[in-house]
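Here is how the chains run, residue by residue.
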Amino acid sequence: MRRADEAPSTDSVVERMTAEVDAWVCSTPLRGLVARFGGTWPDGDLTELLRFLDDFSAAHWDFRGGRERPDAREPDLDAGTVELVHAAAAALGLVRPVPPARPAYAHLVVLGGLAHACLRRVAYAARLLDGGLGVTGEVAVLGSFRPLSDREHRMLAEAGVPDCVTEVDALDAAVRLAFGLSAPAVEDGVDADHPHHSWSSRTYLPAGLPPVRVLAAPSSEPHRRRAHTADTQRFWAGHVRLAPDDAVLLVTAPIYVPFQHCDALRTLAVPYGCGIDTVGVDPDLVDLDRLPEPTLSPGRYLQEIRSAIRSMRALHQELTAG
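Residues numbered from 1 in each chain as written. Predicted model: local features only at pLDDT ≥ 70, side-chain atom pairs only at ≥ 80, totals over all residues. Heavy atoms only, no water.

**Observations concerning the nonpolar core**
The condition is simple: Only buried residues count toward a nonpolar core, which is a set of Ala, Val, Leu, Ile, Met, Phe, Trp, Tyr and Cys residues joined through side-chain atoms within 4.5 Å. Burial classes: relative accessible area under 20% of the type maximum marks a residue as buried, over 50% as exposed, and values in between as partly exposed (1.4 Å probe, protein chains only). By definition, any uninterrupted DSSP run of H or I lasting at least four residues is a helix, any uninterrupted run of E lasting at least two residues is a strand, and each is numbered from the N terminus.
One finds Trp24, Val25, Leu30, Trp61, Trp236, Ile276 and Ile305 to be the most contacted residues of the largest nonpolar core, which totals 54 residues. At 8 residues, helix H10 (residues 298-321) tops the list of elements feeding residues into this core. Counting 39 residues, the second largest nonpolar core, distinct from the first, contains Val110, Val122, Leu128 and Ala174.

**Focus: the pairing of strand E9 (residues 275-280)**
Selection criterion: Convention used here: a crossover is right-handed provided that the path from the first strand, over the helix, to the second strand proceeds clockwise when the strands point away from the viewer.
With 6 of 6 residues buried, E9 lies mostly within the body of the structure. Going residue by residue along E9, you find Gly275, Asp277 and Val279 tucked away on one face and Ile276, Thr278 and Gly280 tucked away on the opposite face as well. Since strand E8 (residues 247-252) and E9 lie parallel, the crossover through helix H9 (residues 257-272) that links them has a hand, and here it is right-handed.

**So, the environment of Leu177**
Here is the rule we go by: Two residues qualify as a contact provided that any one of their heavy atoms is within 4.5 Å of a heavy atom in the partner residue.
With respect to the helices and strands, the residue Leu177 is situated in helix H7 (residues 167-179). Here the alpha-carbon distance between Leu177 and Asp130, two residues 47 residues apart in the chain, equals 14 Å. Look past the residues within four positions of Leu177 in its chain and what remains in contact with it is Val161 and Arg290.

**Considering the packing of helix H3 (residues 46-60) against H10**
What counts here: As a rule, the C-alpha atoms of each element are fitted with a line to give its axis, helices using only the stretch in contact, and angles between N-to-C directions run from 0 to 180 degrees. Under this scheme an angle from 65 to 115 degrees is roughly perpendicular, one under 35 degrees roughly parallel, and one over 145 degrees roughly antiparallel; angles in between are oblique. Rotating anticlockwise by less than a right angle from the far helix to the near helix defines a left-handed crossing, while the corresponding clockwise rotation defines a right-handed one. Think of it as three bins: nonpolar holds Ala, Val, Leu, Ile, Met, Phe, Trp, Tyr, Cys and Pro, charged holds Asp, Glu, Lys and Arg, and polar takes everything else, Gly as well.
Their axes nearest at 9 Å, the elements H3 and H10 cross at an angle of 150°. As summarised for this structure, H3 and H10 are arranged roughly antiparallel, according to the angle between their axes. For the pair H3 and H10, the crossing hand works out as left-handed. Side by side, H3 and H10 meet where Leu46, Thr47, Leu50, Arg51, Leu53, Asp54, Ser57 and Ala58 of the first sit next to Arg306, Ile309, Arg310, Met312, Arg313 and His316 of the second. Its residues assigned to classes, the contact of H3 with H10 comprises 6 nonpolar, 3 polar and 5 charged.

**So, helix H2 (residues 28-36)**
Keep this limit in mind: Read the arc as the range of directions from the helix axis to the C-beta atoms.
Among the residues making up H2, those that are buried are Leu30, Leu33 and Val34. Buried positions in H2, seen along its axis, are confined to an arc of 100° and lie on one side of it. Phi turns positive, to about 90°, at Gly38, one or two residues after H2.

**Considerations on the sheet that holds E9**
Put simply, the rule is: Two strands pair under a simple rule: DSSP has to find at least two bridges between them.
With mixed pairing, 7 strands are arranged side by side in an open sheet as E5-E6-E7-E4-E2-E8-E9. Unpaired on one side and paired on the other, strand E5 (186-190) and E9 mark the two borders of the sheet. The mean inter-strand angle of the sheet, taken between neighbouring strand axes irrespective of direction, is 15°. Pairing of strand E4 (residues 139-143) with strand E7 (residues 212-216) involves 5 bridges; the strand directions are parallel. Within E7, the residue paired with Val139 across the bridge is Val212. Each of E4, strand E6 (199-204) and E7 is contacted by H7, which is oriented at about 170° to E7, the strand it contacts most. Each of strand E2 (107-111), E8 and E9 is contacted by H9, which is oriented at about 160° to E9, the strand it contacts most.

**Considerations on the environment of Gly275**
Position of Gly275 among the secondary structure elements: in strand E9. For Gly275, a relative accessible area of 9% puts it in the buried group. The sequence separation of Gly275 and Asp245 amounts to 30 residues, and the corresponding C-alpha distance is 7.3 Å.

This is the structure:
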């Protein structure tokens, strides 16, 4: 599920996305995982299958319980199940990074995350540009005003990046570090005295490269939660005036590619008609001595397989709503 092809019609786009969701959720690796955890594959159409997988994964693969990802518990699995989980995660696209499918894009979008992930993803984007990836529009680095944890503060200090308070601060510091810049050329935003209502935009102009914008959006449900990835993607799309013939490359971590790709299809490709490719950071192109990768456990993989299922269900609901 990693395409940025221009489609000839809305009907063909819906059919293609639906077929890709169907192929992923009906795949042999996912069927094997469900069977391993005691499930019986249901009859019914794709809508019913996605409902079943959402409910099943909530019962068996949700180790967060509403907590942030680093606070999720790790399940006690036998050796055979651990092996099956790792094999399934690889087959489902959560392990191995792949290079961008195209030599050039209209926009390159870096998704935020935990502090070290912010540094790794921005560094990888800079390496892609250094390697000749073409970007005709801008590099958009999307984050939020989520406060950093004590653990993240320690990790940033060890990496030589102090004095960050929020996720978007870490992304801004990562841009300055990766592109060798000291200050933005343009700053904009609204400080509403509450992070759920506020937004900020800082645009850097690195020599010989496209503009780099660091953006944090307001929440679409400010009385309930902070802005999430979909809020920031929609906010960015409105700012950049995303066009139907634009091809967009998203950068995240390999483990999040299926889930965040489907989220981007739902929030960007469906309403704007643009093409989306999503890639994970290639560790061979980032200095992991300075920015070490976290250990990815079987529980983490199962959790993000669940995230992908939920994202695909939301995408399918969007596609069938009309």
